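Chain and residue survey
The chain contents come next:
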Amino acid sequence: VVSDNMISTSQAAAEEDSKKEREDAYFKRVGRLNALFQEIDKDGSGCISEFEWQELCQDPSLFHELSEATSYNAKDLHDLFRCLAASKEKLDREPGERHNADLNVMNFQDFLDHLRITADPADKRCVLQVMAKLQFVEHKLERQIADLWSAFSAAQPPTPVTGSPRIAA
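Quick summary incoming for the structure in this document. Because the structure is a prediction, the values reported are computed rather than measured.

Parameters and conventions
Residues numbered from 1 in each chain as written. Predicted model: local features only at pLDDT ≥ 70, side-chain atom pairs only at ≥ 80, totals over all residues. Heavy atoms only, no water. Helix = DSSP H or I, 4+ residues; strand = E, 2+ residues; numbered from the N terminus. Buried < 20%, exposed > 50% of the residue type's maximum accessible area, 1.4 Å probe, protein only. Lys, Arg positive; Asp, Glu negative; His and termini not counted. Salt bridge = Lys/Arg side-chain N within 4 Å of Asp/Glu carboxyl O. Contact = heavy atoms within 4.5 Å. Phe/Tyr/Trp six-rings, centres within 6.5 Å; stacked < 30°, edge-to-face > 60°. Patch = residues over 30% accessible without salt bridge, like charges linked within 9 Å, V, L, I, M, F, W, Y side chains within 5 Å. Areas by Shrake-Rupley, 256 points an atom, 1.4 Å probe, with all protein chains shown as cover. Polar contact = N/O pair within 3.5 Å; in protein donor to acceptor, adjacent residues only side chain to side chain. Axes fitted to C-alpha atoms, helices over the stretch in contact; angles between N-to-C directions. Parallel < 35°, antiparallel > 145°, perpendicular 65-115°, else oblique. Nonpolar A, V, L, I, M, F, W, Y, C, P; charged D, E, K, R; others polar. Expected span 1.5 Å × (residues − 1). Arc of directions from axis to C-beta.

What follows deals with the side chain of Glu52. By the secondary structure assignment, Glu52 is in helix H2 (residues 50–58). No salt bridge is formed by the buried Glu52; the nearest opposite charge belongs to Lys42, separated by 7.2 Å. Excluding residues that lie within four positions of it along the chain, Glu52 makes contacts with Ile40, Asp41, Lys42, Asp43 and Cys47.

Enumeration over the complete set of coordinates arrives at five aromatic pairs. Relative to Phe111, the ring of Phe108 lies with its centre 6.4 Å away and its plane at 25°, an arrangement referred to as stacked. With a gap of three residues between them, Phe108 and Phe111 both fall in helix H6 (residues 108–117), about one helical turn apart. Its relative accessible area of 5% is what places Phe111 among the buried residues. Joined through ring pairs, the aromatic side chains of Phe37, Phe108 and Phe111 make up one cluster.

Glancing now at a nonpolar patch on the surface. Residues Phe136, Val137, Leu141 and Ile145 make up a contiguous nonpolar surface patch of roughly 400 Å² in combined accessible area. You can see Ile145 is positioned in helix H7 (residues 124–155). We classify Ile145 as exposed; its relative accessible area is 56%.

Further remarks concern the pattern of salt bridges. Should their charged atoms come close, side chains of opposite charge can pair. What the rule picks out here adds up to four salt bridges. Between Arg82 and Asp79 there is a salt bridge whose closest N-O contact spans 3.0 Å. Taken together, the residues Arg82 and Asp79, both in helix H4 (residues 74–85) and three residues apart, mark about one turn of the helix. Residue Asp79 is classed as partly exposed on the basis of its relative accessible area of 23%.

On to the side chain of Thr70. Structurally, Thr70 can be placed in helix H3 (residues 60–70). A distance of 2.9 Å separates the side chain of Thr70 from the backbone oxygen of Leu66, its partner in a polar contact. There is a polar contact of 3.4 Å between the side chain of Thr70 and the backbone oxygen of Ser67. Residues within four places of Thr70 in sequence aside, it is in contact with Arg29, Leu33, Leu77, Phe111 and Leu115.

Another point: the packing of H2 against H4. The geometry of H2 relative to H4 is characterised by a closest axis approach of 12 Å and an angle of 175° between their N-to-C directions. Between H2 and H4, the angle falls in the class roughly antiparallel. Where H2 abuts H4, its residues Glu50, Trp53 and Cys57 lie against Leu77, His78 and Phe81. For the contact of H2 with H4, the class distribution of residues is four nonpolar, one polar and one charged.

Bringing H4 into the picture now. With twelve residues, H4 ought to run about 16 Å at 1.5 Å a step, and its terminal C-alpha atoms sit 16 Å apart, in line with that. Residues of H4 that are buried: Leu77, Leu80, Phe81 and Ala85. Projected down its long axis, H4 carries its buried residues within an arc of 110°, all on one side. Away from its buried face by more than 90 degrees, H4 exposes Lys75 and Arg82. Here H4 starts with a cap whose side-chain oxygen sits 3.1 Å from the backbone nitrogen of Lys75, and that cap is Asn73.

Function-wise, these values are silent; they only describe arrangement.
Laid out in structure tokens, this is it:
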């Protein structure tokens, strides 16, 4: 019994130390990213616009510094920007609506939140939430496709049927 208590206490202490190390590393990384972000965010908006992102990508040393600070490669950074910059307004716009480039902004706090939670494994509830959102998007797309098909069918004049086709000999 005593050895079980010592083992569980040791495990709890090791887990606490590990958690503290992860938090310290995160705060060190946030400090580094804050300095980088100040350099990238030219207009001081608290967001990185698509224009600012493109400028960052053209600066190899700054982009490398971001890659080092996040431990992400170039592809992952581009994917992350694309996902975080996809605003709700942009995602909810109707098909055919004009694209507004001003909507392509990545909020710095969202970026930091993403970095904090990527280390955590997905739990069952998170997976269920993602599945529910995907089902919602799927149903929305199906409705839009059905509406488009109906509009297309209504706009097509009926094709007249005239006799049977003749085959040239």
